[in-house]
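What follows is the residue order along each chain.
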Amino acid sequence: TCCASMENDVSHRKENTLDHGLSEKIVGVLGGGQLGRMLCQAASQMAIKVNILDPMKNCPASSICHHHMVGSYDDSTTVEEFAKRCGILTVEIEHVDADTLEKLEKQGVDCQPKASTIRIIQDKFLQKVHFSGHGIPLPKFMQIDDQESAKRAGHQFGYPLMVKSRRLAYDGRGNAVAKSEEELTSAINALGGYGHGLYAEQWAPFVKELAVIVARGRSDSILCYPVVETVHRENICHIVKAPANESWKIMKLATDIASRAVASLEGAGVFAVELFLTEDGEILLNEVAPRPHNSGHHTIEACYTSQYEQHLRAVVGLPLGDPSMKAPAAIMYNILGEDEGEPGFIMAHQLIRRALCTPGASIHWYDKPDMRKQRKMGHITVVGPSMGIVETRVKSFLKENADESP
Ligand code: ATP
Ligand code: MG
Ligand code: MG
C-alpha cells in the first residue's frame, strides 16, 4: 500500500543522508492534509525533504512531498514502516498512534514533539488534567460516564453545559451543548453516548477567542507569535485577525499563559494555544494543538518566519526564526465548502477570482479531491497597512457583485 518503493537498509541510510539540504535528515510527517501541504511548501524553500503518511492517495500534501506512503497514521505496522524511511518524525494531526510513537522513541527514533505530548493532547480530558495540574487557568471540567455524573456536572457548572468527546475531535465535531438538564440526553446521544469517552466543561462566557502560536526549539528556547483573534462560525475557525486588538496587558497575559502551557509539554515544534478572553479580562485555555494550526496560516505572508518554516526549523534543530509581523495587519479568511460537488466549486472559484483582484491578498487552494459543506477547501490571507484597510479589502471580495477590475 505504499507509493514509495521499498528499499533495503543500506539505501535507507543513503536516503536519510542528504548532501545539500538544510537538514541531513528526512522529515516524516504523520498526516497529509492542508497543514502537511504547507509544511512541504516551506520545506521546499529550504531543500528539506518531507515524507508524508496519509491514507488518502490524493491528499493535499501528496503532490508536493518527497514521498507519500499511502497508509494509516493510526496503524502501528504502517507507522513503524514509515519511520524506517525518515530521520525525524513529526505530525500535522494529533489523532495518530501514540503507543507506536512511544515504542519507536524507546528504540531511538526521533519524534518531535515527543510522543508523551501527543498522548496528552489527543485526549482532551487528559489534556485538561495536565494543564490544570500545571496551574494553567481553564474552564472547570469533569469526566462524565453516566446520567448521574452528567447531571452532577450540570448541577455544579450550570447551563449551558458544554459536553465534549475526549478523542478524535476537530472543527467542533465532538462538542454538544446542553442548554438545560432536559437537553443532557440528546447532547450525549449526539456524541455517540457515554461509551465513546465524554467529559463536561463549564460554559466559558468569552467576549473573544484568542490564539498564540508558540515555537519551541530543540534547546527548549521558546518564541511566541503575536496574539491573534479567531472568529468561529458554527464551531469552525472562520476568520483570524492578526494582531488581536487588545490592550498590552491582555496580550502579555495571553502570551504568558500560552508559553507556560507549551513549556509544560515535551519536544520541539510549533504549538497552537487556543484561549478564551472573558469580560473581566481573564484568559482561560481552551486547547492546545502540537503542530501548525489554522490560527497561524497568516504567518506565511504576515510574519518574517511562517509557522510552517518555524516548525521545520524547530524539529530539525535549526535556529528559530523571527516570529514578528512584517505587515501591520492581516486577516486570514477560511474558504469553507458552501455546497457539495460542482456548485460548491463554482462558488469557491468566484470568491477566489474576486480575491485575486484584491490588493494584498494571497490565495491558498488545498486541492482536496471532494467539495463538501463546511470542509476547509482553502484560505485567503490579506495583509495591509492597517486593520481598517485590511477589513475593507476582505469585505470587497466577500461582496458578490464586487467589481472585478483591478
Ligand atoms: P478544533 O478544530 O479547534 O480542534 P475542536 O473540535 O477541538 O476544534 P474546541 O476547540 O473544543 O473544538 O471547541 C470549538 C469551539 O467551540 C471553540 O473554539 C469555542 O468557540 C467553542 N467552545 C469550546 N469550548 C467551550 C466552552 N467551554 N464554553 C464556550 N464555548 C466553547
Ligand atoms: Mg481541537
Ligand atoms: Mg479548538
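Going by the structure above, here's the rest.
Residues numbered from 1 in each chain as written. Chains lettered and ligands numbered in written order. Predicted model: local features only at pLDDT ≥ 70, side-chain atom pairs only at ≥ 80, totals over all residues. Heavy atoms only, no water.

Asks: Just to check I follow, could you spell out the coordination of the magnesium ion (ligand 2) for this structure?
Replies: Each pair of donors in an ideal octahedron of six around a metal sits at 90 or 180 degrees, and each pair in an ideal tetrahedron of four sits at 109.5 degrees. The protein atoms donating to the magnesium ion (ligand 2) are Glu287 (OE) and Glu287 (OE), with metal-donor distances spanning 2.3 to 2.4 Å. Here the magnesium ion (ligand 2) and the magnesium ion (ligand 3) are spaced 3.8 Å apart, linked through glutamate 287, which binds each one. (Donors = N, O, S within 2.8 Å, 3.2 Å for Na, K, Ca; no water.)

Asks: Sorry, what's going on with the coordination of the magnesium ion (ligand 3) here?
Replies: In the first shell of the magnesium ion (ligand 3), the protein supplies Glu274 (OE), Glu274 (OE) and Glu287 (OE), at 2.0 to 2.7 Å from the metal. Relative accessible area serves as the criterion here: at 15%, glutamate 274 is assigned to the buried category. (Buried < 20%, exposed > 50% of the residue type's maximum accessible area, 1.4 Å probe, protein only.)

Asks: Could you clarify how one ought to interpret the nonpolar core in this entry?
Replies: Ranked by size, the top nonpolar core spans 25 residues in total, and within it Phe131, Leu210, Val273, Leu275, Ile283, Leu285 and Val288 carry the most contacts. Every element with two or more residues in this core is listed here: α5 (115–122), β9 (206–216), α9 (248–263), β13 (269–278) and β14 (283–289). The element contributing the most residues to this core is α9, with 7 residues. (Core = buried A, V, L, I, M, F, W, Y, C linked by side-chain atoms within 4.5 Å. Helix = DSSP H or I, 4+ residues; strand = E, 2+ residues; numbered from the N terminus.)

Asks: How do you make sense of the environment of alanine 348 when you look at a structure like this?
Replies: In this fold, alanine 348 is placed in helix α12 (residues 341–356). Alanine 348 sits 12 residues away from leucine 336 along the chain, and the two C-alpha atoms are 8.2 Å apart. Discounting residues that sit within four places of it in the chain, alanine 348 has contacts with Ile335, Trp365 and Met371. (Contact = heavy atoms within 4.5 Å.)

Asks: How do you make sense of the pairing of strand β5 (residues 141–144) when you look at a structure like this?
Replies: Only one face of β5 is buried: it carries Met142 and Ile144, and the other face, with Phe141 and Gln143, is open. Pairing geometry for β5 and strand β8 (residues 198–202), over 4 bridges, is antiparallel. Directly across from isoleucine 144, in β8, lies its bridge partner leucine 198. (Pairing = 2+ DSSP bridges.)

Asks: Which parts of the structure should I look at to understand the site of ligand 1?
Replies: Around ligand 1, the structure places 20 residues, and the nearest of them are Lys164, Asp171, Gly172, Glu209 and Asn235. A distance of 3.4 Å separates an oxygen atom of ligand 1 from a polar backbone atom of tyrosine 170. Alanine 204 places a polar main-chain atom, nitrogen or oxygen, 2.8 Å from a nitrogen atom of ligand 1. Where the shell around ligand 1 is concerned, the elements lending two or more residues are β6 (161–165), β8, β9, β13 and β14. Counted by class, the shell around ligand 1 contains 7 nonpolar, 6 polar and 7 charged residues. (Near = heavy atom within 4 Å. Polar contact = N/O pair within 3.5 Å; in protein donor to acceptor, adjacent residues only side chain to side chain. Nonpolar A, V, L, I, M, F, W, Y, C, P; charged D, E, K, R; others polar.)

Asks: Help me understand the sheet that holds β5, please; the structure alone is not making it clear to me.
Replies: Strands pair in a sheet through their backbones, by hydrogen bonds, and they do so in one of two ways: parallel or antiparallel. Judged by pairing direction, the sheet is antiparallel, and its 4 strands sit side by side in the order β5-β8-β6-β7 without closing on themselves. With partners counted over all chains shown, the strands left at the sheet margins are β5 and β7 (175–178), one partner each. Across the sheet, the mean angle separating the axes of adjacent strands is 30° when strand polarity is ignored. Note: β6 against β7, 4 bridges, orientation antiparallel. By the bridge assignment for β7, leucine 161 is matched with alanine 178. Along the sheet, helix α6 (residues 124–133) contacts β5, β6, β7 and β8; its crossing angle with β5, the most-contacted strand, is approximately 145°. Along the sheet, helix α7 (residues 147–157) makes contact with β5, β6 and β8, crossing β5 at roughly 165°. (Axes fitted to C-alpha atoms, helices over the stretch in contact; angles between N-to-C directions.)

Asks: Would you mind going over the sheet that holds strand β3 (residues 67–70) with me for this structure?
Replies: Overall, parallel pairing links the 4 strands, which are arranged β3-β2-β1-β4 in an open sheet. Each having just a single partner strand, β3 and β4 (88–91) make up the two edges of the open sheet. Adjacent strand axes in the sheet meet at a mean angle of 25° when their direction is disregarded. Relative to β4, strand β1 (residues 27–30) is paired through 4 bridges, and the arrangement is parallel. Bridging across to β4, leucine 30 finds its partner in valine 91. With respect to the sheet, helix α3 (residues 76–84) is in contact with β1, β2 (50–54), β3 and β4, its orientation differing from that of β2 by roughly 170°.

Asks: Got a minute to help me understand the pattern of salt bridges in this structure?
Replies: Close approach of charged atoms allows side chains with opposite charge to pair. Under the criterion given, the structure shown has 18 salt bridges. The salt bridge partner of aspartate 110 is arginine 218, with a shortest N-O separation of 2.8 Å. Linking aspartate 110 in the loop between α4 (98–106) and α5 with arginine 218 in the loop between β9 and β10 (222–224), this pair joins segments that are 108 residues apart in sequence. The salt bridge partner of aspartate 171 is lysine 376, with a shortest N-O separation of 2.8 Å. With aspartate 171 in the loop between β6 and β7 and lysine 376 in strand β17 (residues 376–384), this residue pair connects regions lying 205 residues apart in the sequence. (Salt bridge = Lys/Arg side-chain N within 4 Å of Asp/Glu carboxyl O.)

Asks: Is there a simple way to think about the state of the cysteines in this case?
Replies: In protein structure, a disulfide is the covalent linkage between the sulfur atoms of two cysteines. For the structure on display, the rule yields 0 disulfides. Here cysteine 237 stays free of any disulfide, with the sulfur of cysteine 303 as its closest cysteine sulfur at 15 Å. (Disulfide = S-S within 2.5 Å.)

Asks: What am I meant to see in helix α2 (residues 34–45) here?
Replies: Since one α-helical turn is 3.6 residues long, residues separated by three or four positions face the same way. Taking 1.5 Å of rise per residue, 12 residues should cover 16 Å, and α2 covers 17 Å from first to last C-alpha, within 8% of that figure. Burial of α2 is extensive: 9 of the 12 residues sit out of reach of the surface. Looking at α2, one finds that the buried residues are Gln34, Leu35, Gly36, Arg37, Met38, Leu39, Cys40, Ala42 and Ala43. Buried-residue contacts for α2 involve β1, β2, α10 (299–302), α11 (307–316), β16 (361–365) and β17. Two residues or fewer after α2 comes alanine 47, characterised by a positive phi angle close to 55°. (Expected span 1.5 Å × (residues − 1).)

Asks: Which parts of the structure should I look at to understand the packing of aromatic side chains?
Replies: Following the criterion strictly, the structure yields 5 aromatic pairs and no others. Look at phenylalanine 125 and phenylalanine 141: their rings are 5.7 Å apart centre to centre, the planes differ by 75°, and that puts the pair in the edge-to-face class. You can see phenylalanine 125 sitting in helix α6 and its partner phenylalanine 141 sitting in strand β5, a full 16 residues away along the chain. By relative accessible area, which is 12% here, phenylalanine 125 ends up buried. On the basis of an interplanar angle of 55° and a centroid distance of 6.0 Å, the ring pair of phenylalanine 125 and tyrosine 199 is categorised as tilted. With phenylalanine 125 in helix α6 and tyrosine 199 in strand β8, this pair connects stretches of sequence that are 74 residues apart. For the residue pair phenylalanine 125 and tyrosine 199, the accessibility class agrees, reading buried in each case. (Phe/Tyr/Trp six-rings, centres within 6.5 Å; stacked < 30°, edge-to-face > 60°.)

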